[in-house]
Amino acid sequence: MLKDITIGQYFPGNSVVHRMDPRYKIVITLLFIVMLFLGKHLYSLVFGVALCVLAFALSKIPFRLLWKNVKMLVPILMITALLDLFFIDGDTLLFGWHFIQIYWEGIRTAILMIVRILVLIAGSSLLMYTTSPIALTDAIEQLLNPLKKIHVPVHAFAMMMTIALRFIPTLLEETDKIMTAQKARGANFSEGNILQRAKALLPILIPLFVSAFRRAEELATAMECRCYRGEAGRTKMRQLHAAARDYVAMTVTLLLLVMAITVKIIWG
């Protein structure tokens with residue numbers, strides 16, 4: 001099941017979203033997150049959902065890839081929604097039986113939470129699906145360039161973030177292989193109490209940590225063999241340039257953000 005998770009993976013393509021300047025994609029993603037958390041009502045999510053649906057339609061990313069990320073969270077979302085449903089009080093009582101009381105405010109909060117998290121995962125995943133690690137590193141570095149004036153190691157920070165995101169699929173794949181190997185040797189991870197299950201995870205965690213450190217050492221050696229010395233004297237083969245599609249996408253995003261802020265001011 002772990003191998004189905006697609007977080008951090010890049011899927012090559014030639015869509016409009018793939019060809020966008022990664023700097024604009026990062027800024028649009030940040031504005032998109034702001035949209036989702038602006039209001040406390042369902043209609044405040046309309047603008048963020050509209051932007052997410054439009055971006056996915058233009059990116060031509062199959063829906064099944066998004067579902068692989070989301071389906072792992074469905075049980076957690078359902079449990080959280082039930083807690084909101086039964087433990088949030090309000091003014092409009094819809095159902096009452098002994099200690100069970102369901103208010104409209106609880107239903108609204110549960111739906112708001114589920115939709116917000118699902119759309120957040122979808123929109124954030126799209127950035128990784130359509131942007132290569134190299135382009136993402138260059139974009140983060142250029143966006144953080146002003147911090148160099150206060151001696152912040154921008155290049156190292158951007159490289160660290162990109163490598164961390166890139167290694168998520170690798171570590172998930174490695175974990176799945178280790179779990180399969182341990183199960184073939186008779187290991188059982190689903191029976192016993194909490195302490196027994198935690199103890200059963202040791203045969204997974206120890207090889208995983210060893211593998212992670214080995215991969216990190218191999219990556220460091222490979223970078224040194226290619227004469228990587230950080231930012232000093234470094235040039236880029238591909239320069240980032242904004243195009244008309246980037247300006248159009250940013251304009252649409254800003255318009256939706258302004259509309260979301262207006263709705264929040266009027267209705268809260």
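Let us look at the structure shown here. These numbers were taken from a predicted model, which means no experiment stands behind them.

## What to know about the overall build of the chain
1) Next: Within the chain one finds eleven helices and two strands.
2) Next: Residues counted as buried form 35% of the 268 residues belonging to the chain.
3) Next: Contacts in the chain between residues far apart in sequence, at least 24 positions, make up 73% of those at least 6 positions apart.
4) Next: Per element, the accessible surface of the chain, about 16800 Å² overall, is 69% carbon and sulfur.

## Some points on unusual backbone geometry
Trans is the prevailing form of peptide bonds, just as negative phi is the prevailing case for residues other than glycine.
1) Next: One non-glycine residue, Lys-60, lies in positive phi territory at about 60°.
2) Next: Mapped onto the elements of the fold, Lys-60 is located in the loop between α3 (46-59) and α4 (63-70).
3) Next: We classify Lys-60 as exposed; its relative accessible area is 68%.

## Focus: the packing of helix α2 (residues 22-36) against α3
1) Next: At a minimum axis distance of 8 Å, the contact between α2 and α3 shows a crossing angle of 145°. Seen from above, α2 lies across α3 with left-handed handedness. Note on element contacts: α3 touches α2 through Phe-47, Gly-48, Leu-51 and Cys-52, opposite Ile-28, Phe-32, Met-35 and Leu-36.
2) Next: In the contact of α2 with α3, the residues fall into seven nonpolar, one polar and no charged.

## Some points on helix α10 (residues 202-225)
1) Next: Taking 1.5 Å of rise per residue, 24 residues should cover 34 Å, and α10 covers 35 Å from first to last C-alpha, within 8% of that figure.
2) Next: Listing the buried residues of α10 in full gives Ile-204, Leu-208 and Ser-211.
3) Next: Next to the buried residues of α10 lie α8 (154-184).

## Some thoughts on the side chain of Lys-25
1) Next: Within the secondary structure layout, Lys-25 lies in helix α2.
2) Next: Of the side chains bearing the opposite charge, Asp-246 lies closest to the buried Lys-25, which forms no salt bridge; the N-O distance is 7.8 Å.
3) Next: Non-local contacts of Lys-25, meaning those with residues more than four positions away in its chain, are made with Val-17, His-18, Met-20, Leu-127, Thr-130 and Thr-131.

## Some remarks on the nonpolar core
Nonpolar side chains in soluble globular proteins tend to be buried together.
1) Next: Core analysis: the biggest nonpolar cluster contains 29 residues, and Met-35 and Phe-56 have the highest contact counts within it.
2) Next: When contributions to this core are tallied by element, the ones reaching two or more residues are α2, α3, α4, α6 (104-129) and α11 (244-267).
3) Next: Filtering out sequence-adjacent residues up to four positions away, Phe-56 remains in contact with Ile-61, Leu-66, Ala-122 and Leu-126.
4) Next: Within the second largest apolar cluster, eight residues are counted, among which are Leu-127, Met-128, Ala-139 and Ala-158.

## Structural notes on the side chain of Arg-23
1) Next: Topologically, Arg-23 is positioned in helix α2.
2) Next: A distance of 2.6 Å separates a polar atom in the side chain of Arg-23 from a polar atom in the side chain of Asp-21.
3) Next: When residues no more than four places from it in sequence are discounted, the contact partners of Arg-23 are Ala-139, Gln-142, Leu-143, Leu-240, His-241 and Ala-242.

## A few points about a nonpolar patch on the surface
1) Next: Together, Leu-201, Leu-202, Leu-205, Ile-206, Phe-209, Val-210 and Phe-213 make up a nonpolar patch on the protein surface, roughly 700 Å² of accessible area in all.
2) Next: Locating Leu-205 in the fold gives a position in helix α10.

## Brief notes about the pattern of salt bridges
1) Next: In total, this model carries two salt bridges according to the counting rule given.
2) Next: For the salt bridge of Asp-21 with Arg-23, the shortest nitrogen-to-oxygen distance reads 2.6 Å. No difference in accessibility class separates Asp-21 from Arg-23, as the two residues are buried.
3) Next: Here Glu-174 and Arg-215 are joined by a salt bridge, their closest N and O atoms 3.1 Å apart. A residue pair is termed long-range when its members are at least 10 positions apart, and Glu-174 in helix α8 and Arg-215 in helix α10 qualify at 41 residues.
4) Next: We classify Glu-174 as buried; its relative accessible area is 15%.

## Brief notes about α3
1) Next: Spanning 14 residues, α3 covers 20 Å between terminal C-alpha atoms, matching the ideal 20 Å at 1.5 Å per step.
2) Next: Among the residues making up α3, those that are buried are Phe-47, Gly-48, Leu-51, Cys-52, Phe-56 and Ser-59. Buried residues along α3 cover an arc of 165° about the axis, so they all sit on one side. Exposed residues pointing more than 90 degrees away from the buried face of α3 are listed as Val-53 and Ala-57.
3) Next: Positive phi appears at Lys-60, one or two residues downstream of α3, with a value of about 60°.

Parameters at a glance
Residues numbered from 1 in each chain as written. Predicted model: local features only at pLDDT ≥ 70, side-chain atom pairs only at ≥ 80, totals over all residues. Heavy atoms only, no water. Helix = DSSP H or I, 4+ residues; strand = E, 2+ residues; numbered from the N terminus. Buried < 20%, exposed > 50% of the residue type's maximum accessible area, 1.4 Å probe, protein only. Contact = heavy atoms within 4.5 Å. Areas by Shrake-Rupley, 256 points an atom, 1.4 Å probe, with all protein chains shown as cover. Axes fitted to C-alpha atoms, helices over the stretch in contact; angles between N-to-C directions. Left-handed = near helix turned anticlockwise from the far one by under 90°. Nonpolar A, V, L, I, M, F, W, Y, C, P; charged D, E, K, R; others polar. Expected span 1.5 Å × (residues − 1). Lys, Arg positive; Asp, Glu negative; His and termini not counted. Salt bridge = Lys/Arg side-chain N within 4 Å of Asp/Glu carboxyl O. Core = buried A, V, L, I, M, F, W, Y, C linked by side-chain atoms within 4.5 Å. Polar contact = N/O pair within 3.5 Å; in protein donor to acceptor, adjacent residues only side chain to side chain. Patch = residues over 30% accessible without salt bridge, like charges linked within 9 Å, V, L, I, M, F, W, Y side chains within 5 Å. Arc of directions from axis to C-beta.

Don't take any of this as a statement about function, it's just geometry.
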